[in-house]
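One letter stands for each residue in the lines below.
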Amino acid sequence: MAFTLDGLVDLLKAAGEPTRLRLLALLGAGDLTVSDLTDILGQSQPRISRHLKLLAEADLVDRYQEGAWAYFRLKQDGPAARVARLLLEEASGSDAVLLRDGDRLGAVKRARAEKAQAYFSRNAAEWDELRRLHVNDAEVEVALVSLIGDQPVDALLDLGTGTGRILQLLESRYQRAVGIDASRDMLAVARANLDKAGVIKASVRQGDILNLPLDGGEFDVVIIHQVLHFLVEPELALQEAARMLKPGGRLVIIDLAPHKLEHLREDHAHVRLGFSHQLMGDWLIKAGFDVERAVDVSPRQQAGEALTATLWLATYKAAETYVAQQPKLVGGY
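Residues numbered from 1 in each chain as written. Predicted model: local features only at pLDDT ≥ 70, side-chain atom pairs only at ≥ 80, totals over all residues. Heavy atoms only, no water.

### Topic: the overall build of the protein
Argument step 1. Helix and strand counts for the protein stand at 12 helices and 10 strands.
Argument step 2. Split into buried and exposed, the 333 residues of the protein put 47% on the buried side.
Argument step 3. Of the roughly 16200 Å² of accessible surface on the protein, a fraction of 51% belongs to carbon and sulfur atoms. (Helix = DSSP H or I, 4+ residues; strand = E, 2+ residues; numbered from the N terminus. Buried < 20%, exposed > 50% of the residue type's maximum accessible area, 1.4 Å probe, protein only. Areas by Shrake-Rupley, 256 points an atom, 1.4 Å probe, with all protein chains shown as cover.)

The following block contains the structure:
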């Protein structure tokens, strides 16, 4: 899409002011709140909010709510975003104002990382206990990368993003990505991890997996990683994932195979004790998917309470076009 003359002039007017250009440069490096931006730029909150409003109206930045906080970031796609990136590429890397902003941004990110690490440390014992029950993460990640394959991904959605690990793992495969999690504390951990890894193509936000704060039909790949066993009605999450996908888009589910560890219900809020190939296949078909593969990744040592993880790969056909059929499942890893 090309701009009309008047449209391009309006866009340049929106971006062509010193504070607003500084804001675009900062938001190009990740998600920030108004409070973050006032600290970095040393300007009042009303002034920063007004500039952000003008940038949002020009379709240059995205805004999303997370509890009482509003986060902003440079828009990742669209014609206005392309113009903004061209302008920022022409900005001198030795400009004193931008360098000072960058230093202050670094301080904000370090403070964010310290808070995230404090939360992570408080909960480390519980996570370590759960990790001992699961198959090795590295093996699951190898299987996930294999399922995703080399096909380029324009837009990826990670549901239950947790620490943001999947967004880091698959960074080279996607053009842009969004991670969703219900926990604001976990989102703080994810943002700190993405900052540390230098991942700027992905953003994270708070949301309910059963009622996502996103427009439908805009993602090529959706990943649901170790989330479904916490849900009373997991099949509803599959329907919401289908709403997010473009026709022909792919869904990858990573969750536990059936097990008998009843204590996980009380100790770790597990509602479901794993999922069989057949049950997940039935749910996927009802949600409008073709099931391509189901891959079991078992612990190397079967002793004790070690759990098997299963990865399902399915392709979305769109609800109006699919017909009931038996899933084609290929086990093993």
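Next comes the rest of the account.
### What about the pattern of salt bridges?
Argument step 1. Under the counting rule described, the total for this entry stands at 14 salt bridges.
Argument step 2. When the shortest N-O distance is used, the salt bridge between Lys109 and Asp195 registers 3.6 Å. Highlighted residues: Lys109 in helix H6 (residues 96-133) and Asp195 in helix H9 (residues 184-197), separated in sequence by 86 residues.
Argument step 3. A salt bridge links Arg176 to Glu218; its shortest N-O distance comes to 3.4 Å. (Salt bridge = Lys/Arg side-chain N within 4 Å of Asp/Glu carboxyl O.)

### Topic: the packing of aromatic side chains
Argument step 1. Throughout the structure, instances matching the rule amount to two aromatic pairs.
Argument step 2. Ring centres of Phe275 and Trp283 lie 5.8 Å apart, and the angle between their planes is 65°; this geometry places the pair in the edge-to-face category.
Argument step 3. By relative accessible area, Phe275 is classed as buried at 1%.
Argument step 4. Taking relative accessible area as the criterion, Trp283 reaches 11% and is therefore assigned buried.
Argument step 5. Summarising the aromatic geometry, the rings of Phe289 and Tyr316 are spaced 5.4 Å apart at their centres and angled 50° between planes, so their arrangement reads as tilted. In this pair, Phe289 sits in strand E9 (residues 289-297) while Tyr316 sits in strand E10 (residues 309-316), placing the two residues 27 residues apart along the sequence. In terms of burial, Phe289 and Tyr316 fall into one category: buried.
Argument step 6. Sitting over the ring of Tyr71, Arg191 keeps its end group 3.8 Å from the ring centre. (Phe/Tyr/Trp six-rings, centres within 6.5 Å; stacked < 30°, edge-to-face > 60°. Lys NZ or Arg CZ within 6 Å of the ring centre and 35° of its normal.)

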